[in-house]
Every structure is written in structure tokens, then in C-alpha cells.
Amino acid sequence: MLTALILADSRFPGGGHVHSGGLEEAAARGLVTDEPSLKSFLHGRLLTTGLLAAGFAAAAARGEDLELLDAELDARTPSPAQREASRAQGRGMLRAARRAWPSERLAALSRDPHQPLVIGVLVGDPYEAALTCAYLAVSGPASAAVRLLGLDPFGVNAIVAALPVEDVASRAVKELPALGSPALDLLAEAHVRREGVRLFGS
Amino acid sequence: MKASARLVVGLDPHGNSVVRVLRSQSPLTLVPARRVGPVALVHLVSSVTSPLGGDSLELTVEVGPGASLDLRGVAATLMLPGPTGLPSSSVLRFSVEGSVRYVPEPTVVTSRAHHTAVVEAELDGHAELLLREVLVLGRVGESAGTLSTSVRATRCGKPLLHQQLVVGSPSIDSSAAGLAGKRVVGTSLMLDAVPRASDGGEWWNVVPLAAGGTLATALGDDVVTVTRVLDAI
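In what follows, the accompanying structure is described. Not measured: the values here are computed from a predicted model. (Residues numbered from 1 in each chain as written. Chains lettered and ligands numbered in written order. Predicted model: local features only at pLDDT ≥ 70, side-chain atom pairs only at ≥ 80, totals over all residues. Heavy atoms only, no water.)

Considering the interface of chain B and chain A
With 33 residues of chain B at the contact, the number on the chain A side is 30 residues. Where chain B abuts chain A, roughly 2500 Å² becomes buried across the two surfaces, and 60% of that area is made up of carbon and sulfur atoms. Considering only the surface of chain B that becomes buried against chain A, B:His162, B:Ala176 and B:Ala177 emerge as the three largest contributors, covering 22% of it. For the pair chain B and chain A, the interface holds 1 salt bridge. The salt bridge partner of B:Arg152 is A:Glu72, with a shortest N-O separation of 2.8 Å. For the pair chain B and chain A, the interface holds 13 residue pairs in polar contact (both at pLDDT 80 or more). Contributions of two or more residues to the side of chain B that touches chain A are made by strand 14 (158-167), helix 1 (170-173), strand 16 (199-200), strand 17 (204-208) and strand 18 (214-220) of chain B. Among the elements that make up the side of chain B that touches chain A, the one with the highest residue count is strand 14 of chain B (8 residues). Within the side of chain B that touches chain A, the residues separate by chemical class into 19 nonpolar, 11 polar and 3 charged. (Contact = heavy atoms within 4.5 Å. Buried area = accessible area lost by both parts, 1.4 Å probe. Salt bridge = Lys/Arg side-chain N within 4 Å of Asp/Glu carboxyl O. Polar contact = N/O pair within 3.5 Å; in protein donor to acceptor, adjacent residues only side chain to side chain. Helix = DSSP H or I, 4+ residues; strand = E, 2+ residues; numbered from the N terminus. Nonpolar A, V, L, I, M, F, W, Y, C, P; charged D, E, K, R; others polar.)

Looking at the sheet that holds strand 11 (residues 114-123) of chain B
Ordered by their spatial adjacency, 7 strands build an open sheet running 2-1-5-8-11-13-14 (chain B), and the pairing between neighbours is mixed. On the outer flanks of this sheet lie strand 2 (17-23) and strand 14 of chain B, each paired with one strand and no other. Averaged over all pairs of adjacent strands, the angle between their axes in this sheet comes to 10°, without regard to strand direction. The pairing of strand 11 of chain B with strand 13 (residues 146-155) of chain B spans 10 bridges and is classified as parallel. Counterpart to B:Val118 in the pairing with strand 13 of chain B is B:Ser150. The strands touched by helix 4 (residues 66-75) of chain A are strand 13 and strand 14 of chain B; relative to strand 14 of chain B, the strand with the most contacts, the crossing angle is about 50°. (Pairing = 2+ DSSP bridges. Axes fitted to C-alpha atoms, helices over the stretch in contact; angles between N-to-C directions.)

Some remarks on helix 8 (residues 126-149) of chain A
Residue and element names in this part refer to chain A. The end-to-end C-alpha distance of helix 8 is 35 Å, a good match for the 34 Å that 24 residues give at a rise of 1.5 Å each. Maximum bend of helix 8: about 25°, positioned at Leu136. For helix 8, the set of buried residues is Ala129, Ala130, Thr132, Cys133, Ala134, Ala137, Val138, Ser139, Pro141, Ala142, Ala144 and Ala145. The inward-facing, buried residues of helix 8 abut helix 1 (2-8), helix 2 (23-28), helix 3 (35-61), helix 7 (115-123), helix 9 (153-162) and helix 10 (165-172). Structurally, the start of helix 8 carries an N-cap: the backbone nitrogen of Tyr127 is 3.3 Å from a side-chain oxygen of Asp125. (Expected span 1.5 Å × (residues − 1). Bend = angle between axes of the 7 residues up to and from the residue. Buried < 20%, exposed > 50% of the residue type's maximum accessible area, 1.4 Å probe, protein only.)

Quick look at the pattern of salt bridges
This structure, assessed with the given rule, holds 19 salt bridges over all chains. A:Arg76 is the partner of A:Glu72 in a salt bridge, and the nearest nitrogen-oxygen pair spans 2.6 Å. Take A:Glu72: its relative accessible area is 16%, and that puts it in the buried class. For B:Glu62, the salt bridge identified is with B:Arg6, shortest N-O distance 3.2 Å. Pair noted here: B:Glu62 is in strand 5 (residues 56-63) and B:Arg6 is in strand 1 (residues 2-11), with a separation of 56 residues, a long-range link.

This is how it looks when you write it as C-alpha cells:
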């Protein structure tokens, strides 16, 4: 449980703070401007990409073959920008984890692992791993919204607290989802193509 | 209504793709074109209004080494609710050693429809598959029923693409992290050896898949906009 808390803490030095999960592009296009539109964005993200990532974290925690999971998650992530964002966050997490929680299974991960697999291996318990992953799928974009749109941190926190993160984690331990989000894929690719100043890596 | 149909296409000694097995079962009626050539053309005609709630449809397509199949629809598919309130389902299985192009007309998910559509494609080492899907959320002025589509494509057992899309949940359909309030979603899956550069605009893009192949995706407010984008790729 402590591992899950540390991984979900925004002060964990895994480099997750440079990713907005599509929020920066959505904000730049005026698709997310205020608390209601942020709530809609986070809800959609949690129930698509969030559920997908949580399912893979749970599967990795159950001890399933990491190489197979890696290939299956690649197949479920058609956007190269999304694959790179997931692997970049996986690399960052792995770097911190090698010092904190060295293990044989951690060493069995590729050098460039998808983040949900790292979370699954580290947390060990499928439900806790899914919960951590589902929470991270919305907490990063939520804090990015505070920075990019100047939204009220108390209001944003209340939105996150009311999201069905636990329901998603419960579903994620029962299935290996394949849910896609066409709009998030389009936003992720457009973010990479966007010229000019970007605060976030994704 | 339960129906199961099967289509097998192979290569004859003269280099022509020929239909070897054609088993239709209404509403899945397969109509081969009377022509001889390197590509077999078959139309998939829905000979009874379908799918209605309660329907269960299954189509299996096998294409042998060197053979080529162009499978087309003739009209848009309307997914409708049935009298019983039961969900409907369709399963389309491709087993490809040659080449398949499947470009059906758009599918409209009418209000109160509840449908699950599954596409499974297994390709051998050099097989090619082009698969297009255009979904429309409801007729004009109508909200969509519920549709879950799943596409899984593998090459020699290894996954190339596995995507599930669920439409008909208003909170996700309207979310900028779902379908962004767009009524039409189109995809074109191209599993072949043709290299295509990443490209995109505001609501469309073309991306290389991790294990080979290309996926084009377009969101829009109408079918014309979306199919125009997919046609241009």
C-alpha cells in the first residue's frame, strides 16, 4: 500500500509532472476551459485510457507475462505519441524504482516499459495497482489544468475526488480492456505536431 | 434471427481469384460479381432488415495465398432495436493468406439499438488487409443507441491492433477525451507493407502502428467529411 501511495504522490520523482495526458492540447483548442469541461474531459479519460491502463497494471501485478502484456498494450495504443508518453513515464518510474524497490521482476521489465506495467510490478496487488494507475490517469491532467487554465485548485480537487476511480479499478481487475479514445489519440498526435511553446511532453 | 455465412476465396492455376465456397444465410447474402480476374469482387447484401435486437450474425471469410478479395457493402447498415429489447451481435472473422479489402457503407446506430460488433482478423506473414469502418451516432436529430465495436488483428498470432470503442454513453461521447461530441467516427486500418508517413489535421490523423501497419482515424459532424478524409489517404 505504501508503494502505491508513493507512486501516486505528485512529489514522486518519476517525471510524471511533465505530462498532461492531452489536456494541454485540449486547452489550447478551447475544448477545456472551465470546471465543467474539465470534469467531462477527466471523466472521458478515466473511462477509456484510464481503464485500459489500469487493466494492464492489474495484469502485471497478477504476474502475467510482461513481454506479452507489452505487445498487447502496444496494439491497444495506435497513437505513437501516446505510446511514447506511456513509455517515457514508464522509464522515469523505473529509474526511481530501481533504487527504491529492486526486484527480479523489476529487472525483467524492458528498458523502455509502458508505465502501467511498471506500476503493476511495483505495487504487486492487482486492485491497488489498478487504482494507482486509474488515479494517475486523471491526477496529472487535473494538475495541468490548474497550471494551464488557472482553475481553482479546490474546485479541481473536488472534481477528481468525485470521479469513479474506484469503480474503474474494480472493473480493471476483471478484464484486460481494449478501450480506445479516438479524440485523445487525435489530441496526442496534434500536440506533437503543434509548433510553438508547449509546457508538457504530452 | 441467427445467421452464419462463409466465404472462401482462392487462387486458380491461371492467377485468378475465385470464390471456392459461398454460403449465404439471410440476412447475410453474398453476391459474387460475374467476372474473372486477379481480384474477386463480392457484395455483402443485407437481404432482410438487420441487425435488429436479438439478431446474432456471423460471417467467416478465408482468403488463400496469392488470392485477392474485394468485399463491399451496398447500403448503409441501420442498427435497430428489436421487439424483445434483446441486444444484437455480429462477428466477422477474417483468415487471410492473400489480400482482403473490406469497405462497407456506414453503420448508423439508431436510438435504443444495442449492438456488439466484433471483427477478428488473423493474417499470415505477407497477407494484406484493408478494413474501413464508419459509425454514425444516430439518424438526424436522434441520439445514438449503444454500440460496442471491437477490432482485433493479429499477424502470425502477434497482435497488431486491438481497439474497442463504446458509443452511446453521453458523458463519454461528448467528452473531449471520448468522441468530442462528434457524430461520425471513421477508421481505416491498413495492414500491408506500404510505408505511410504520420500526418494529420484537427480531427483526423494517420499513424503507424507499433508492430506494422497504419491506422487512419477521422471524427466529424457528417459522413461526407469523414469519408472524404479516409478516401484521401
